[in-house]
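Chain by chain, the residues:
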Amino acid sequence: MRSRRASRDRVLAPHRAWLLAVLAVLALVAAAAARGPVWAQRLYHPLRYEAEIARAADANRIDPYLVAAVINAESGFDPDLVSRAGAVGLMQVMPATAKEVAASLGIPADRLDLKDPAVNVAIGTRHLADLLARYEDTATALAAYNAGAGTVGRWMAEEGTETLTKARYPETAAYVERVLDERDRYARLYPDAFAEAR
């Protein structure tokens, strides 16, 4: 009895060693997905709906890799995702925003299916393009996409600036950083994705 207890008290007792081994393997897998071979990174950073993204990005003259990064950050490429706040689809478009944007695109209200990838990407990309045209830099436009233009306008008024120097919500600051990083990563991992989709 005493020898069994003594072995369990050791730092690298068998019941702890296997747990450490599992954690080490998981850490290696995560590292490979984040910075390892391209095939492993593509598993962690998927790209789908290339044709829809290319079409919408071309129509709005914006970077398709930015659109892909927004989609990954918003929904992880899940067209059926609905947030607790009511945002829908790939680009997590709010229905009220979708109605405004759809009218400007000439999409009839009866064809406004936000779970349809083509419709969602067209509306979300147009909304993103409008924000990029409204603000002087991409980071401010992304903050407005995430937190809302009214919120970002209030932050800028409080700062007395025309571009946002710091998002007040930690989740918005993290979102902006993630999307900008993902845009660069998508361009590196899928260099010809949108040329082939056009």
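Now for a description of the structure that goes with this document. Because the structure is a prediction, the values reported are computed rather than measured. (Residues numbered from 1 in each chain as written. Predicted model: local features only at pLDDT ≥ 70, side-chain atom pairs only at ≥ 80, totals over all residues. Heavy atoms only, no water.)

## As for the environment of A103
Here comes step 1: One can find A103 in helix α6 (residues 95-105).
Here comes step 2: When its relative accessible area of 60% is taken as the criterion, A103 is described as exposed.
Here comes step 3: Here the alpha-carbon distance between A103 and I123, two residues 20 residues apart in the chain, equals 10.0 Å. (Helix = DSSP H or I, 4+ residues; strand = E, 2+ residues; numbered from the N terminus. Buried < 20%, exposed > 50% of the residue type's maximum accessible area, 1.4 Å probe, protein only.)

## Observations concerning a nonpolar patch on the surface
Here comes step 1: Side chains of W18, L19, L20, V22, L23 and L26 sit close together on the surface and give an oily, nonpolar patch of about 590 Å² of accessible area.
Here comes step 2: Turning to its location among the elements, W18 is positioned in helix α2 (residues 14-35). (Patch = residues over 30% accessible without salt bridge, like charges linked within 9 Å, V, L, I, M, F, W, Y side chains within 5 Å. Areas by Shrake-Rupley, 256 points an atom, 1.4 Å probe, with all protein chains shown as cover. Salt bridge = Lys/Arg side-chain N within 4 Å of Asp/Glu carboxyl O.)

## Quick look at α6
Here comes step 1: Those residues of α6 that sit buried are A98, V101 and A102. Take α6 and look down its axis: the buried residues cluster within an arc of 105°, on one side only. With respect to the buried face of α6, the exposed residues turned more than 90 degrees away are A96, K99, E100 and A103.
Here comes step 2: Structurally, α6 contributes buried residues whose contacts are with α7 (117-134). (Arc of directions from axis to C-beta. Contact = heavy atoms within 4.5 Å.)

## As for the layout of surface pockets
Here comes step 1: Quantified by volume, the largest pocket comes out at close to 500 Å³.
Here comes step 2: Around the largest pocket, the lining is made up of 22 residues, and of these A87, Q92, M94, Y145 and N146 lie nearest the centre.
Here comes step 3: Counting residues per element, the lining of the largest pocket draws most heavily on α7, which supplies six residues.
Here comes step 4: Residue classes in the lining of the largest pocket are distributed as 12 nonpolar, seven polar and three charged. (1 Å grid on protein atoms, 1.4 Å probe; cavity = no way out; pocket = protein on both sides within 12 Å on 5 of 7 lines; lining within 4 Å. Points joined across faces, edges and corners; volume = space filled by probe spheres on them. Nonpolar A, V, L, I, M, F, W, Y, C, P; charged D, E, K, R; others polar.)

## Observations concerning the side chain of Q41
Here comes step 1: Looking at the secondary structure, you find Q41 in helix α3 (residues 38-44).
Here comes step 2: There is a polar contact of 3.4 Å between the side chain of Q41 and the side chain of R188. (Polar contact = N/O pair within 3.5 Å; in protein donor to acceptor, adjacent residues only side chain to side chain.)

## Quick notes on the pattern of salt bridges
Here comes step 1: A complete count under the given rule lists five salt bridges for this structure.
Here comes step 2: For R126, the salt bridge is made with D130, and the minimal N-O distance between the two is 3.5 Å. Placement of both R126 and D130 in helix α7 is noted, with a separation of four residues, approximately one turn of the helix.
Here comes step 3: Among the residues examined, D130 registers a relative accessible area of 38% and is labelled partly exposed.
Here comes step 4: The salt bridge involving E158 is made with R168; its shortest N-O contact spans 2.4 Å. Here E158 is found in helix α9 (residues 149-159), whereas its partner R168 is found in the loop between α9 and α10 (170-189), with 10 residues between them in sequence.
Here comes step 5: Residues joined in a network through salt bridges with shared partners are E158, E159 and R168.

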